[in-house]
Amino acid sequence: MPQGDGAIAQGAARGRILRGLYSGGTLCAEAQVLFRAANIAVSSNVPIPGVRKLSAGDRGHILIDLGDDEFTRGRPHPMIEPSVRDQPLRDALADPSVGVILIDIVLGFGGHMDPAGHLASLLAQSADRRPLIIGSVTGVEDDPQSLSAQTRKLEEAGVIVAPSNADAAALALRAISD
């Protein structure tokens, strides 16, 4: 069972809607599988079978692949340039109905050298209202960004870091169900 039970309990007064802001499609799809298996309705811009296609004005649980062409046309992929996530994250932070935000950080050669630092900096600008933020870091200690350094930066920014994306999604499911 992933860690974070205390923080989930503290988030009970927050909004009840989830926003997943993924830097790539694989982890976004994995979260969709887990939501579908839990019989929780979710929409996505890149839906797997059994998940609804995201449409303008959707107000329910949403999982977004920010690496999809609609977000990267004419600009770098979010694993290279994490600012692709900035505006959707600001929007989710400002929306009082959003109680949980799911994020991912993917490490490796060719990726941004400090994706967690970028995210932590953005979160520091919005400390007045904070939904529960749950994430995972995919990588290893020998990656140029260092798994432990990136994890520590997220935790210091108040993000609950789960051992895997599946664990992060499971925590998010518990948080919106409590």
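Definitions and limits used
Residues numbered from 1 in each chain as written. Predicted model: local features only at pLDDT ≥ 70, side-chain atom pairs only at ≥ 80, totals over all residues. Heavy atoms only, no water. Helix = DSSP H or I, 4+ residues; strand = E, 2+ residues; numbered from the N terminus. Buried < 20%, exposed > 50% of the residue type's maximum accessible area, 1.4 Å probe, protein only. Polar contact = N/O pair within 3.5 Å; in protein donor to acceptor, adjacent residues only side chain to side chain. Contact = heavy atoms within 4.5 Å. Pairing = 2+ DSSP bridges. Axes fitted to C-alpha atoms, helices over the stretch in contact; angles between N-to-C directions.

### Remarks on the side chain of His61
Now for step 1: Relative to the helices and strands, His61 resides in the loop between β3 (52-53) and β4 (62-65).
Now for step 2: Taking the relative accessible area as the measure of exposure, His61 reaches 15% and is therefore buried.
Now for step 3: At 3.0 Å, the side chain of His61 forms a polar contact with the backbone nitrogen of Leu18.
Now for step 4: Dropping the residues within four chain positions of it, His61 is found in contact with Arg16, Ile17, Leu18, Arg19, Ile40, Ala41, Val42, Ser43 and Ile176.

### Quick look at the sheet that holds strand β6 (residues 132-138)
Now for step 1: Taking strand neighbours across the sheet as the criterion, the seven strands line up as β3-β2-β4-β1-β5-β6-β7 in an open arrangement whose pairing is parallel. Looking at strand neighbours, the two that pair on one side only are β3 and β7 (160-162), the edges of this open sheet.
Now for step 2: Where strand β2 (residues 43-44) meets β3, two bridges bridge the pair, whose relative direction is parallel. Among the inter-strand pairings, Ser44 is bridged to a residue of β3, identified as Lys53.
Now for step 3: Across the face of the sheet, helix α2 (residues 25-37) comes into contact with β1 (17-22), β2, β4, β5 (98-106) and β6 while running at roughly 160 degrees to β4.
Now for step 4: Contacts between helix α6 (residues 147-156) and the sheet are confined to β5, β6 and β7, with β6 contributing the most and set at about 175 degrees to the helix.

### Here we look at the pairing of β5
Regular strands show a simple pattern: their side chains alternate between the two faces of the sheet.
Now for step 1: Of all the nine residues making up β5, nine are buried; the element is thus mostly covered by neighbouring parts of the structure.
Now for step 2: The pairing of β1 with β5 spans five bridges and is parallel. In the strand pairing of β5, Gly20 is matched with Leu102.
Now for step 3: The pairing of β5 with β6 spans seven bridges and is parallel. Bridge assignment links Leu102 to a residue of β6, and that residue is Ile134.

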